[in-house]
2 protein chains.
Amino acid sequence: MRYFEDLAVGEVDALGPHTFTETEIVAFATRYDPQPFHVDSVAARSTIFGGLIASGWHTCAVMMRLSVEAAGRAGAAITGSPGIDSCRWLKPVRPGDTLSGRSEVLETWPSRSRPFGFVRRRVEMRNQRDELVLSVVGVTMYRLREEAAG
Amino acid sequence: MRYFEDLAVGEVDALGPHTFTETEIVAFATRYDPQPFHVDSVAARSTIFGGLIASGWHTCAVMMRLSVEAAGRAGAAITGSPGIDSCRWLKPVRPGDTLSGRSEVLETWPSRSRPFGFVRRRVEMRNQRDELVLSVVGVTMYRLREEAAG
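Predicted, not measured: the structure shown is a model, and the values here were computed from it. (Residues numbered from 1 in each chain as written. Chains lettered and ligands numbered in written order. Predicted model: local features only at pLDDT ≥ 70, side-chain atom pairs only at ≥ 80, totals over all residues. Heavy atoms only, no water.)

Peer 1: How should the overall build of chain A be read in this particular structure?
Peer 2: Broken down by element type, chain A carries four helices and five strands. The linear arrangement of helices and strands in chain A, starting from the amino end, is β-α-α-α-β-β-β-β-α. Dimensions of chain A along its principal axes, counting C-alpha atoms only, are 60 × 30 × 20 Å. Classification of the 150 residues of chain A by burial places 47% in the buried group. (Helix = DSSP H or I, 4+ residues; strand = E, 2+ residues; numbered from the N terminus. Buried < 20%, exposed > 50% of the residue type's maximum accessible area, 1.4 Å probe, protein only.)

Right under this line is the structure:
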């Protein structure tokens, strides 16, 4: 396992790839973000996006899935998250787009009162044209090696 | 329709309620956030949460769904979002929890180059014990009344 003490500022992980299908985009948005440009490919043509695009929350959810997969490969002792510092949806994600990402550790600090540490990361997702489509800065909690040993 | 020009700082909308089921929590997390405390009610007991909790992204997705419903009731001319300024998952959301929310307009400003305006809101979701579980500050784009008038 990789514990809080094992993480270093500047450490980079690769995420993905993941290809978005129209079926998946519409299924997510029908349930969680039923706006015309996310659920109706015909109505979407007359919006500012000119066609169907994924919900930004869907893009984030896929980023999370890819992050959990990367954490699993690394044996990361993740134990939750207090939240997100910022999230920018920079370009639309359309059916057929393939996103890959990288996450970088920006900062680490121990909790003052509880047996874990915090890790702040920037995660960037790019499409198949290498355009930045999503930039997120978020915080994750990691268990302590000393705690696991103790 | 309510356009950018119709929005005022301090304006409040009510969101929800929505009750989270274990089935829904596990279904979302299995697809997008498959960590033990989100997908396995037995394994979740030995985590810091002491039981199954919803993915924070799931809580956000439900908040989005409730926001789209509120926007629909208000006839809001929403046309996308550039992103989220901050998001804090303050308390776990567990199976059976019922969340309700309020959103408040913090700031509005027109785009300098494109035919829409930006609206910054704080959205807060509380559970059935009136505990604050989610606080999000995000930005939405609204179409302009003058543009719609042609």
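Here the narrative resumes.
Peer 1: I would appreciate a short explanation of the side chain of Thr-140 of chain A in the present structure.
Peer 2: Residue and element names in this part refer to chain A. Positionally, Thr-140 belongs in strand E5 (residues 132–143). We classify Thr-140 as buried; its relative accessible area is 16%. In contact with Thr-140, other than residues within four places in its own chain, are Ile-78, Gly-80, Ser-81, Gly-117, Phe-118, Val-119 and Arg-121. (Contact = heavy atoms within 4.5 Å.)

Peer 1: Explanation requested: the interface of chain A and chain B in the structure shown.
Peer 2: Think of interface size as the accessible area that goes away when the parts come together; that is how it is often given. At the junction of the two partners, chain A supplies 35 residues and chain B supplies 35 residues. Both faces considered, chain A and chain B share a buried interface measuring about 3,200 Å² in area, 63% of it formed by carbon and sulfur atoms. Seen at the junction of chain A and chain B, the total is two salt bridges. Linking Asp-85 of chain A and Arg-88 of chain B is a salt bridge whose minimum nitrogen-to-oxygen distance equals 2.7 Å. Counting every contact that joins chain A to chain B gives 16 residue pairs in polar contact (both at pLDDT 80 or more). Among the elements that make up the side of chain A that touches chain B, the one with the highest residue count is helix H3 (residues 56–74) of chain A (nine residues). Broken down by class, the residue content of the side of chain A that touches chain B amounts to 20 nonpolar, eight polar and seven charged. With four bridges connecting them, strand E2 (residues 83–89) of chain A and strand E2 (residues 83–89) of chain B associate as antiparallel partners. Bridged to Gly-83 of chain A within E2 of chain B is Arg-88 of chain B. (Buried area = accessible area lost by both parts, 1.4 Å probe. Salt bridge = Lys/Arg side-chain N within 4 Å of Asp/Glu carboxyl O. Polar contact = N/O pair within 3.5 Å; in protein donor to acceptor, adjacent residues only side chain to side chain. Nonpolar A, V, L, I, M, F, W, Y, C, P; charged D, E, K, R; others polar. Pairing = 2+ DSSP bridges.)

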